[in-house]
Amino acid sequence: MTTIRASCPSCGDVDLTVRDVSVRVCANDHRGSYNFRCPECELAVAKHAEPNVVELLVSSGVKMAVWQLPAELWEPRAGDPISHDDLLDFHDLLSEGNWFERLTALVESESVESETN
């Protein structure tokens, strides 16, 4: 059986099997990582993996999962960034019983205002 040596930040080098390690690769930018739970301290460990490390782990039998960045990252952004005051106002709004209705009205009024400008 293949033994994989990895480094735990708490315990140092540990020996793992292919079942102990998993590889994840982002479909959008092809960045890879591997993760495992340390067999000694049970700490969950995740580390960046260069393409050659991903290839080596997968060829050794480690399962690979491919994931995608959230679609929200590609959405157009409009308006000013959220400020500290905006967060405080939102916090105050959430303390009211009818916060959702007020929030909906605020968003709708902003939408109408931006359409008229």
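The structure we're discussing is the one just above.
Residues numbered from 1 in each chain as written. Predicted model: local features only at pLDDT ≥ 70, side-chain atom pairs only at ≥ 80, totals over all residues. Heavy atoms only, no water.

Description of the sheet that holds strand β6 (residues 63–67)
The condition that has to hold: Paired strands are those between which DSSP finds at least two bridges. Elements are defined by DSSP. Helices are runs of H or I of four residues or more, strands are runs of E of two residues or more, and each kind is numbered from the N terminus. The axes used here are C-alpha line fits, helices contributing only the stretch in contact, and every angle between their N-to-C directions lies in the interval 0 to 180 degrees.
The strand order β5-β4-β3-β6 describes an open sheet built from 4 strands, whose pairing is mixed. Whereas interior strands pair on both sides, the edge strands pair on one side only; in this sheet they are β5 (44–49) and β6. Direction aside, neighbouring strands of the sheet carry axes that sit 25° apart on average. By the bridge criterion, 5 bridges tie strand β3 (residues 21–26) to strand β4 (residues 32–37) in an arrangement that is antiparallel. For Ser-22, the partnering residue across the bridge sits in β4 and is Asn-35.

Some thoughts on the layout of surface pockets
Note the following rule: Lining residues are those with an atom within 4 Å of a point, where the points come from a 1 Å grid over the protein atoms alone and group into cavities, where a 1.4 Å probe fits but cannot get out, or pockets, open sets with protein on both sides within 12 Å along at least five of seven lines. Grid points are joined across faces, edges and corners, and a volume is the space filled by probe spheres set on the points. Residues are grouped as follows: Ala, Val, Leu, Ile, Met, Phe, Trp, Tyr, Cys and Pro are nonpolar; Asp, Glu, Lys and Arg are charged; all remaining types, including Gly, are polar.
Here the largest pocket defines a volume of roughly 410 Å³. Contributing elements (two or more residues each) for the lining of the largest pocket: α2 (84–94) and α3 (99–116). Partitioning the lining of the largest pocket into residue classes produces 8 nonpolar, no polar and 7 charged.

A look at the pattern of salt bridges
The test is simple: Here, a salt bridge means any side-chain nitrogen of Lys or Arg that lies within 4 Å of a carboxyl oxygen of Asp or Glu. Burial classes: relative accessible area under 20% of the type maximum marks a residue as buried, over 50% as exposed, and values in between as partly exposed (1.4 Å probe, protein chains only).
In total, this model carries 3 salt bridges according to the counting rule given. Among the ionic pairs, Asp-15 bridges to Arg-5, the shortest N-O distance being 3.0 Å. Taken together, the residues span a long stretch of sequence, with Asp-15 in strand β2 (residues 12–16) and Arg-5 in strand β1 (residues 4–8) at a distance of 10 residues. Judged by relative accessible area, Arg-5 falls into the exposed class, the value being 58%.

Brief notes about the environment of Trp-74
Note the cut-off: Any two residues having at least one pair of non-hydrogen atoms within 4.5 Å are treated as being in contact.
With respect to the secondary-structure elements, Trp-74 resides in the loop between β6 and α2. Trp-74 sits 25 residues away from Trp-99 along the chain, and the two C-alpha atoms are 29 Å apart. Discounting chain neighbours no more than four positions away, the residues touching Trp-74 are Asn-28 and Leu-69.

Some details on the environment of Lys-63
With respect to the secondary-structure elements, Lys-63 resides in strand β6. Looking at Lys-63, the relative accessible area reads 68%, which means it is exposed. C-alpha separation for the pair Lys-63 and Val-25, spaced 38 residues apart in sequence, amounts to 11 Å. Once residues lying within four places of it in the same chain are set aside, the contact partners of Lys-63 are Ser-22 and Val-23.

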